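Letter by letter, the chains look like this.
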Amino acid sequence: MDTDLMATQLPVMLEEWQSTTGWQPGAAQLLQFQNFFDLVCLANKSLNLTRILEPGDFWEKHLWDSLQPVLTKPDLQRESQVIDLGTGGGFPGLPIAIAYPDWAVTVMDSTAKKISFIESGLATLELTNVKTVVDRAESLARNPLHRESYQLATIRAVAEAAVCAEYAVPFLAIGGTAILYRGRWSEAETVTLTGAVEQLGAKITEIAAYTTPLSQGERHCIYIQKELPTSSKFPRAVGTPSQKPLSQRTTIAAPILPG
Ligand code: SAH
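Below: a short report on this structure.

Parameters at a glance
- Residues numbered from 1 in each chain as written.
- Predicted model: local features only at pLDDT ≥ 70, side-chain atom pairs only at ≥ 80, totals over all residues.
- Heavy atoms only, no water.
- Salt bridge = Lys/Arg side-chain N within 4 Å of Asp/Glu carboxyl O.
- Helix = DSSP H or I, 4+ residues; strand = E, 2+ residues; numbered from the N terminus.
- Buried < 20%, exposed > 50% of the residue type's maximum accessible area, 1.4 Å probe, protein only.

### Concerning the pattern of salt bridges
Taken as a whole, this structure holds 10 salt bridges when the rule is applied. Its salt-bridge partner being glutamate 148, residue lysine 226 comes within 2.6 Å of it at the nearest N-O pair. Here lysine 226 is found in strand E7 (residues 218–226), whereas its partner glutamate 148 is found in the loop between helix H6 (137–140) and strand E4 (150–156), with 78 residues between them in sequence. With a relative accessible area of 1%, lysine 226 lands in the buried category. As a salt-bridge pair, lysine 203 and glutamate 227 come within 3.4 Å of each other at their nearest N and O atoms. Of this pair, lysine 203 sits in strand E6 (residues 202–211) while glutamate 227 sits in the loop between E7 and helix H9 (240–243); the two residues are 24 residues apart in sequence, bridging distant segments of the chain. What makes lysine 203 partly exposed here is its relative accessible area of 35%. Classification of glutamate 227 as partly exposed rests on a relative accessible area of 40%. Beyond isolated ion pairs, a larger network of salt bridges with shared partners links Asp57, Glu60 and Lys61.

Rendered as structure tokens:
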């Protein structure tokens, strides 16, 4: 028998889910997590989706890490339209779709091969609440079917924080929330991001610091709420947000002319 094809069992971790998030996956969700893990392991042989393939690591750094920032926020439990930007192998979008079968989750990435992987796995995972899109965030955010259309936007490991904000905020309806999934975080990043989100019509509502439950890895999640329509200037042209990230608005004082 080809040992490569033998499934490796993911840990179940019901107590860890319960104590850290107040939620537990049901039997169907545990099976979806396992099937997702098997699909990622198989596809990863030909496609570089993730380096995290040890079952305990996958549980902590992909499943738990994707879900904890959403599960622990009472205000987010009624969200319905969600978009995950730069989803790669499906993180955090697919764990969110599994945990919230009533939500409509759009996962997007500019790499067609990664989206094909997700698309081809949806039937096996019995996920009927997921839509996939291949595009750059900068262009999809200008598509009226997507702009200002989501209550929640998630973005993990895509770019620096101000760039993530410029990608994510245009997708939000007024009152919607963007979650930037980060590792370490600094005061300087808060200053830059505060300036960036103001220009986008949004504000930072929370910077949550926490550690992962198995390996005590450092994490921060930045919660951003949209207050006003985003100016049609944003997001800027493809490539510009990452080349010239938004920062504090520099106000150039009008010259004082001699009377
Ligand atoms: N969110 C996943 C993948 C992170 S890797 C995770 O946390 O595991 C970053 C992904 O972002 C890559 O798949 C890359 O194709 C995508 N990406 C980077 N810039 C993008 C952009 N401007 N628009 C859409 N996708 C982008």
